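One letter stands for each residue in the lines below.
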Amino acid sequence: MSSHVVRGHRVSAWWGLAGFGVAVAVAALLGGLGVAGTAGEYQSLEQPAWAPPSAVFGPVWTVLYMMIAVSGWLVWRRTGWSAALNWYAAQLVLNAIWTPIFFGFGQYGLALVDIVVLWVLIGVTVWKFRPVSRAAAGLLLPYWAWVTFATALNFAIWLMNK
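This report concerns the structure included in the present document.

Definitions and limits used
- Residues numbered from 1 in each chain as written.
- Predicted model: local features only at pLDDT ≥ 70, side-chain atom pairs only at ≥ 80, totals over all residues.
- Heavy atoms only, no water.
- Helix = DSSP H or I, 4+ residues; strand = E, 2+ residues; numbered from the N terminus.
- Buried < 20%, exposed > 50% of the residue type's maximum accessible area, 1.4 Å probe, protein only.
- Contact = heavy atoms within 4.5 Å.
- Areas by Shrake-Rupley, 256 points an atom, 1.4 Å probe, with all protein chains shown as cover.
- Expected span 1.5 Å × (residues − 1).
- Axes fitted to C-alpha atoms, helices over the stretch in contact; angles between N-to-C directions.
- Parallel < 35°, antiparallel > 145°, perpendicular 65-115°, else oblique.
- Left-handed = near helix turned anticlockwise from the far one by under 90°.
- Bend = angle between axes of the 7 residues up to and from the residue.
- Phe/Tyr/Trp six-rings, centres within 6.5 Å; stacked < 30°, edge-to-face > 60°.
- Core = buried A, V, L, I, M, F, W, Y, C linked by side-chain atoms within 4.5 Å.
- Patch = residues over 30% accessible without salt bridge, like charges linked within 9 Å, V, L, I, M, F, W, Y side chains within 5 Å.
- Salt bridge = Lys/Arg side-chain N within 4 Å of Asp/Glu carboxyl O.

### Quick notes on the overall build of the protein chain
Item 1. Helices and strands together make up the secondary structure of the protein chain, namely 6 helices and 2 strands.
Item 2. The helix and strand sequence of the protein chain, counted from the amino end, reads β-β-α-α-α-α-α-α.
Item 3. Going through the 162 residues of the protein chain one by one, you find that 41% of them count as buried.
Item 4. Long-range contacts, defined as pairs at least 24 residues apart, comprise 73% of the intrachain contacts of the protein chain with a sequence gap of at least 6.
Item 5. As displayed, the protein chain offers around 8500 Å² of accessible surface, 71% of which is attributable to carbon and sulfur atoms.

### Concerning helix α6 (residues 134–160)
Item 1. Between its first and last C-alpha, α6 extends 39 Å over 27 residues, near the 39 Å set by a 1.5 Å rise per residue.
Item 2. Those residues of α6 that sit buried are A136, A137, L140, Y143, W146, V147, A150, T151, L153, N154, A156 and I157.

### What about the packing of helix α5 (residues 108–129) against α6?
Item 1. At a minimum axis separation of 9 Å, α5 and α6 run at an interaxial angle of 160°. The orientation of α5 relative to α6 falls into the category roughly antiparallel. α6 is crossed by α5, and the crossing has left-handed handedness.

### Looking at helix α4 (residues 83–104)
Item 1. Taking 1.5 Å as the rise per residue, α4 with 22 residues should run 32 Å; its terminal C-alpha atoms sit 32 Å apart, in good agreement.
Item 2. Where α4 bends most, at I97, the angle is about 25°, and the proline P100 comes one to four residues later.
Item 3. Just beyond α4, the residue with positive phi is G106, at close to 60°.

### Overview of the packing of aromatic side chains
Item 1. Applying the stated criterion to the full structure yields 16 aromatic pairs.
Item 2. Arranged with centres 5.6 Å apart and planes meeting at 65°, the rings of W50 and F149 form a pair that is edge-to-face. Note that W50 is positioned in the loop between α2 (39–44) and α3 (57–79) and F149 in helix α6, a separation of 99 residues in sequence.
Item 3. Residue classification places W50 among the partly exposed residues on the basis of a relative accessible area of 43%.
Item 4. Ring geometry for W98 versus F102: centroids 4.7 Å apart, planes at 20°, classification stacked. Remark: F102 and W98 occur in helix α4; sequence separation between them is 4 residues, near one turn of the helix. The exposure classification of W98 matches that of F102, with both residues buried.

### Some remarks on the nonpolar core
Buried together is how nonpolar side chains tend to be arranged in soluble globular proteins.
Item 1. W61, I68, Y88, F102, F129 and Y143 are the most contacted members of the largest nonpolar core, which has 45 residues in total.
Item 2. Setting aside residues up to four positions removed in sequence, F102 forms contacts with E41, L45, Q107, Y108, A111, N154 and I157.

### What to know about a nonpolar patch on the surface
Item 1. Taken together, V22, V26 and L30 make up a surface patch of nonpolar side chains, about 250 Å² in accessible area.
Item 2. Note that V22 resides in helix α1 (residues 13–35).

### Looking at the environment of A51
Item 1. Here A51 lies in the loop between α2 and α3.
Item 2. Measuring from C-alpha to C-alpha, the distance between A51 and A150 comes to 9.3 Å, with 99 residues separating the pair along the chain.
Item 3. Dropping the residues within four chain positions of it, A51 is found in contact with Y42 and L153.

Okay, structure coming up:
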């Protein structure tokens, strides 16, 4: 594994991967704190028939977060910190705040706005990543698909629980 120069210092690619892992873990932790003890709240909401049980979300997000971390790392290895990674960071922030908005504050409409903007930023990130690393862009596609589904679910829950 090679290294990368950051501000005049060589950084092992493994440390870079660890950094992306920590960034994604922080986003996941914020989300996890936002949903702690909310399975009952989720189940008590009016939901469409196609809504998954709350137990599905943890395993899905675990895999997606690993893919998101590797995706960012692949781009960083080729470009260092770049404009494409600014988009990546922005979508990660919106990802992190969605759960507290939805569950912590019960603001389903505001959460819908957040997730729609998140969906757009994931698309921009995929578009920016593709010329740098097709693998990095491809790793974000399942995430984008899941957020598409989550957006539809958020919309349905918002409509059904006004």
